[in-house]
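# Per-entry structural report
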Amino acid sequence: MIGSDPDAFCGCARGGKLPLRLHAVMLSGPADPAVYELQSEHVVIGRAPDASGSGVEDTITVMDPDDLVSRRHAALHRQVNDIMLYDLDSINRTEVNGKLIENPTPLRLGDLIVLGTAVKVAVGDRSSRTGDFFHFCRDRHANEPGARFCSQCAAPIEPPGKRGRRK
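Summary of the structure given here.

Turning to the pattern of salt bridges, a few remarks are in order. Inspection of every chain in the model, using the stated rule, returns 4 salt bridges. For E144, the salt bridge goes to K120, with nearest N and O atoms at 2.5 Å. Placement of E144 in the segment after β13 (142–143) and of K120 in strand β11 (residues 119–125) is noted, with a sequence separation of 24 residues between them. In this structure E144 comes out as partly exposed when scored by relative accessible area, which is 39%.

What follows is about the sheet that holds strand β9 (residues 105–106). Strand order in this open sheet of 5 strands is β4-β3-β5-β6-β9, and the pairing throughout is mixed. For this open sheet the edge positions go to β4 (58–61) and β9, each flanked by a neighbour on one side alone. Strand direction decides the pairing type here: strand β6 (residues 82–87) and β9, joined by 2 bridges, are antiparallel. Opposite L85, over in β9, you have T105 as the bridge partner.

On the secondary structure map, T94 appears in strand β7 (residues 94–96). Assessed through its relative accessible area of 0%, T94 is described here as buried. Within polar-contact distance, the side chain of T94 engages the side chain of H73 at 3.0 Å. Setting aside residues no more than four positions away along its own chain, T94 makes contact with H73, A74, L85, D87, K99, L100, I101, I113, V114 and L115.

Each value, and the rule that gives it
Residues numbered from 1 in each chain as written. Predicted model: local features only at pLDDT ≥ 70, side-chain atom pairs only at ≥ 80, totals over all residues. Heavy atoms only, no water. Salt bridge = Lys/Arg side-chain N within 4 Å of Asp/Glu carboxyl O. Helix = DSSP H or I, 4+ residues; strand = E, 2+ residues; numbered from the N terminus. Buried < 20%, exposed > 50% of the residue type's maximum accessible area, 1.4 Å probe, protein only. Pairing = 2+ DSSP bridges. Polar contact = N/O pair within 3.5 Å; in protein donor to acceptor, adjacent residues only side chain to side chain. Contact = heavy atoms within 4.5 Å.

This is the structure we're talking about:
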């Protein structure tokens, strides 16, 4: 699903204040969760985010056959003790916590980022797991915690700790 550089992320903030981990899932079809830890101060995310010559060393490539994410969709940039998210004039929007962003937006733990209509990214710390942000139905569709039925196939969703238990 996602991935030219799975190590594009890993606690770049000095002083240990922002050891971010991103959890990414596709919004349509079965999710194939990917996890990234902050390694660089500048990262571009997109369908084909060729960042050569832009001063950006790291990229995250979204494998998006339906072109629902722009080629260079968004960027993360470390500024002092904040990680800022920029929309790179994407044709199909970037949202943080359900709000369309037009200006650089600081990211916080627990924030949910949506790239176009294809990818949802949760911002966690180094101890976070994908199951902290998304629950999956039997067909591996990603849903937000608290959902009782899958938004794609209507199958029941059980919280991660209850899988495999019988009454």
